[in-house]
Amino acid sequence: MFKGIIRPVQLTDAEMILTWRNQDSVRMNMYNHDVIELDAHLKWFNSILVNDSCRYFIYEQNNTPLGVLSFNDIDLKNQKASWAFYSGDTAVRGIGSEMEQLALDYAFNELNLNKLCCEVLEFNFTVVNFHRKFGFKMEGVKKQDYYRDGKFYDIYQLALFKKDYQKIKAQAYSPIEKSYVWNFSISEEKIDQFATLSGDKNPVHLDKNVAISLGFENRIAHGALLAAEISKVAAMDYPSKNAIYLGQNLEFKAPVYPNVELTGKAKLKTQIGRYVAIEYGVYQEDRLVAQGESEFLLS
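Residues numbered from 1 in each chain as written. Predicted model: local features only at pLDDT ≥ 70, side-chain atom pairs only at ≥ 80, totals over all residues. Heavy atoms only, no water.

> Now, about the packing of helix 4 (residues 95–110) against helix 6 (residues 162–170): what can you tell me, with residues and values included?
Their axes nearest at 11 Å, the elements helix 4 and helix 6 cross at an angle of 120°. Taken together, the axes of helix 4 and helix 6 are oblique relative to one another. Crossing angle aside, the handedness with which helix 4 passes helix 6 is left-handed. Residue-level inspection shows Leu104, Asp105, Phe108 and Asn109 of helix 4 in contact with helix 6, the latter providing Lys162, Tyr165 and Lys169. Taken together, the residues of the contact of helix 4 with helix 6 break down into three nonpolar, one polar and three charged. (Axes fitted to C-alpha atoms, helices over the stretch in contact; angles between N-to-C directions. Helix = DSSP H or I, 4+ residues; strand = E, 2+ residues; numbered from the N terminus. Parallel < 35°, antiparallel > 145°, perpendicular 65-115°, else oblique. Left-handed = near helix turned anticlockwise from the far one by under 90°. Contact = heavy atoms within 4.5 Å. Nonpolar A, V, L, I, M, F, W, Y, C, P; charged D, E, K, R; others polar.)

> I'd like a rundown of the domain arrangement of the chain, residues and numbers included.
We note that the domain assignment places domain 1 (4–172) and domain 2 (179–297) within the chain. A straight line from the C-alpha centre of domain 1 to that of domain 2 covers 36 Å. With both sides pooled, the region where domain 1 packs onto domain 2 buries about 680 Å², and carbon together with sulfur makes up 53% of that total. Counting across the domain 1 and domain 2 interface gives one salt bridge. (Domains from an automatic or database assignment. Buried area = accessible area lost by both parts, 1.4 Å probe. Salt bridge = Lys/Arg side-chain N within 4 Å of Asp/Glu carboxyl O.)

> Summarise the environment of Glu217; cite the residues concerned and give the values.
Among the structural elements, Glu217 can be located in the loop between helix 9 (208–213) and helix 10 (223–236). Glu217 gets classed as exposed once you look at its relative accessible area, which sits at 62%. Sequence separation of Glu217 and Pro203 is 14 residues, and the distance between their C-alpha atoms is 14 Å. Filtering out sequence-adjacent residues up to four positions away, Glu217 remains in contact with Lys208, Ile212 and Tyr257. (Buried < 20%, exposed > 50% of the residue type's maximum accessible area, 1.4 Å probe, protein only.)

> How would you summarise the pairing of strand 4 (residues 80–87) if you had to cite specific residues and measurements?
Note: strand 3 (residues 64–75) against strand 4, seven bridges, orientation antiparallel. Paired with Val68 across the bridge in strand 4 is Tyr86. Hairpin geometry of strand 3 and strand 4 is characterised by an intervening segment of four residues between the two adjacent antiparallel strands and by a positive phi of about 55° at Gln79. The pairing of strand 4 with strand 5 (residues 115–121) spans three bridges and is classified as parallel. When the bridges of strand 5 are listed, Ser82 appears paired with Cys117. (Pairing = 2+ DSSP bridges.)

> How would you explain the sheet that holds strand 10 (residues 262–272) if you had to name every residue and give the values?
Spatially, five strands are ordered 8-10-11-12-9 in an open sheet, and the strand pairing comes out antiparallel. Of all strands in the sheet, those bounded by a partner on one side alone are strand 8 (179–184) and strand 9 (244–252). For this sheet, the mean angle separating the axes of adjacent strands, direction not counted, is 20°. Strand direction decides the pairing type here: strand 8 and strand 10, joined by six bridges, are antiparallel. Pairing of Val181 across the sheet is with Lys265, part of strand 10. Contacts from helix 10 reach strand 8, strand 9, strand 10, strand 11 (275–284) and strand 12 (287–297), with the element oriented near 145° to strand 9.

> Tell me what's going on with the packing of helix 1 (residues 14–21) against helix 3 (residues 38–49), and back it up with residues and numbers.
Where helix 1 contacts helix 3, the two axes come as close as 10 Å, and the packing angle between them is 120°. The angle between helix 1 and helix 3 places the two elements in the oblique class. The interaxial crossing formed by helix 1 with helix 3 has right-handed handedness. Contacts between helix 1 and helix 3 involve Ala14, Glu15, Ile17 and Leu18 from the former and Leu38, His41, Leu42 and Phe45 from the latter. Broken down by class, the residue content of the contact of helix 1 with helix 3 amounts to six nonpolar, one polar and one charged.

> So what's going on with the packing of aromatic side chains? Residues and values would help.
Under the defined criterion, the tally for this structure stands at 18 aromatic pairs. A ring pair is formed by Trp44 and Tyr56, whose centres lie 5.3 Å apart and whose planes are at 85°; its orientation type is edge-to-face. Of the two residues, Trp44 is situated in helix 3 and Tyr56 in strand 2 (residues 55–61); the sequence distance between them amounts to 12 residues. Residue classification places Trp44 among the partly exposed positions, given a relative accessible area of 34%. Ring centres of Phe123 and Tyr153 lie 4.9 Å apart, and the angle between their planes is 85°; on these two criteria the pair is classed as edge-to-face. (Phe/Tyr/Trp six-rings, centres within 6.5 Å; stacked < 30°, edge-to-face > 60°.)

Shown next as structure tokens:
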């Protein structure tokens, strides 16, 4: 179930799209990374409205525009096209995943394409991995094909075929629960065991007096123990039993002391077939001590 929709662009969207397009976070990942003037933008915008080889859409939630996606070089005879997208409001989480899913549905169900392509600049490689989660595969690399600021960059070429899109859509993975909450604490014994196992014997973890001298209330738990707690929950309870870890980032906001009750809160961000991304927060009462995001494959 999607939170938003895509609709065709309208002339009244022109200035809004220009504002989005000129944001540093957008334009610096474009082939043309210059700031675009209104007159040039309006000339281009009017041309796409009457060009049958391209189609542009606004992604919106609750009638609020949040992003742009486009299909270019549409070749209905050979059933192929290229596509791209960007978010207009980066403060809204998860819209990139939804825009991609809506784009794929449109490409293969409405345009009836056999192949959808995209290109990604070398310095934006995180987007390559993002597309891979939806089934895109690397077709090739244009070596040193793009020149900017005195340096040549590679261009990565990716593609998704309709048969692979249909296979992913048909995977029988039921939607997981939207959230999960659990309680735990980290004992002094566990801290000692981890120090021995990992070799991380920093005295701030092992000696209360040293920790106090450094401004802490007590010896502090290794941050990796919080990551391990998330790993345990993921493998045994949420998102599913025996989930396979793909990646994690975790930011520590406050020290965690031994034997203090903590609350973990997990929230589903994205589910695409067996791939899921989960947001995590760890709290001591109402204080956030760690937050991050993890990616898993359901098994």
